[in-house]
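# Understanding the architecture of this molecule
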Amino acid sequence: MIGSGNSEQPSEISEFHSEIRRHGGGLMSSVATAQSLTRDLGGILAPGEKWKRQISAVHRALTSDQFEHALTGLTWSRVKTWFYGEARRVNYEEVVALRELRAIEEARRARLKLAATANILAAHLAAEGAPLDSHQMRALGRLAGAVDLSGSGDAR
């Protein structure tokens, strides 16, 4: 029927809100986005572990009182539906929380890598007997000591 208001095609508005741009330029649904983020976080928070432990780690992190975007009332089963892409829908706040958590965890990993690199550099310089002035030593110490290798130090 021409001019019918009942189209089988989704409206541009609903598509805009339910899909997100992918790195390659295409669109990714919020469910696919949640699945990708949840799997990424599972690998970061529980590397090498099986799916149950990865889901548990993501759930624990998303519901932690220390997490600014904590999702109250989030169930383990809900996280499992994201992990397997079985959720019927994903709320905006849930995607925001997943993105924020991934950003925090990626920053933590980067700080750990920087601290490890600074420690290796300091050891090599000491072994070579390279003379560093007091300002350089303090700067290197700040880099190496800003985060202990467990990741629990304050990296500010």
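Residues numbered from 1 in each chain as written. Predicted model: local features only at pLDDT ≥ 70, side-chain atom pairs only at ≥ 80, totals over all residues. Heavy atoms only, no water.

### Thoughts on the packing of aromatic side chains
Counted only if it meets this: Planes of paired rings set the category: under 30 degrees apart is stacked, over 60 is edge-to-face and the rest tilted, where pairs are Phe, Tyr or Trp rings (Trp by its six-membered ring) whose centres lie within 6.5 Å. Strands here mean DSSP runs of E at least two residues long; helices mean DSSP runs of H or I at least four residues long; both are numbered from the N terminus. Residue burial is assigned from relative accessible area. The probe radius is 1.4 Å, only protein chains are included, and a residue is buried under 20% of its type maximum, exposed over 50%, and partly exposed in between.
Counted under the stated rule, the structure contains three aromatic pairs. Ring geometry for W51 and W76: centres 6.3 Å apart, planes at 40°, overall tilted. With W51 in helix α3 (residues 51-62) and W76 in helix α4 (residues 76-83), the pair connects residues that are 25 residues apart, well separated along the chain. Here W51 falls in the partly exposed class, since its relative accessible area comes to 31%.

### Comments concerning the side chain of Q54
The condition that has to hold: By definition in these notes, contact holds between two residues if any of their heavy atoms fall within 4.5 Å.
Structurally, the position occupied by Q54 is in helix α3. Judged by its relative accessible area of 11%, Q54 is buried. In this view, Q54 contacts G42, G43, A46, G48, E49 and F83; residues no more than four positions away in its chain are not counted.

### Focus: the nonpolar core
Here is the rule we go by: As used in this record, nonpolar core signifies buried Ala, Val, Leu, Ile, Met, Phe, Trp, Tyr and Cys residues forming a set joined through side-chain atoms within 4.5 Å.
In terms of nonpolar packing, the biggest core is built from 20 residues, with L62, W82, V90 and L98 touching the most fellow members. Counting only elements with at least two residues in this core, the list comes to α2 (30-45), α3, α4 and α5 (92-128).

### Observations regarding α4
Our working rule: Picture the helix axis, draw a direction to every C-beta atom, and the arc is the one those directions span.
For α4, the set of buried residues is V79, W82 and F83. On an axial view of α4, the arc spanned by its buried residues comes to 100°, and they lie on one face. Looking at the buried side of α4, the elements it contacts are α2, α3 and α5. Immediately downstream of α4, the backbone of G85 shows phi near 65°, a positive value.

### Thoughts on the packing of α2 against α3
Worth spelling out the cut-off: Fitted lines through C-alpha atoms serve as axes, helices being fitted only where they are in contact, and the angles separating the N-to-C directions of these axes extend from 0 to 180 degrees. Angles below 35 degrees are treated as roughly parallel, those above 145 as roughly antiparallel, those between 65 and 115 as roughly perpendicular, and all remaining angles as oblique. Residues are grouped as follows: Ala, Val, Leu, Ile, Met, Phe, Trp, Tyr, Cys and Pro are nonpolar; Asp, Glu, Lys and Arg are charged; every other residue, Gly included, is polar.
Interhelical geometry of α2 versus α3 gives an angle of 95° and a closest axis separation of 8 Å. As far as their axial angle goes, α3 and α2 are roughly perpendicular. Of α3, the residues touching α2 (which contributes T38, L41, G42, G43 and L45) are Q54, A57, V58 and A61. Considered class by class, the residues forming the contact of α2 with α3 number five nonpolar, four polar and no charged.

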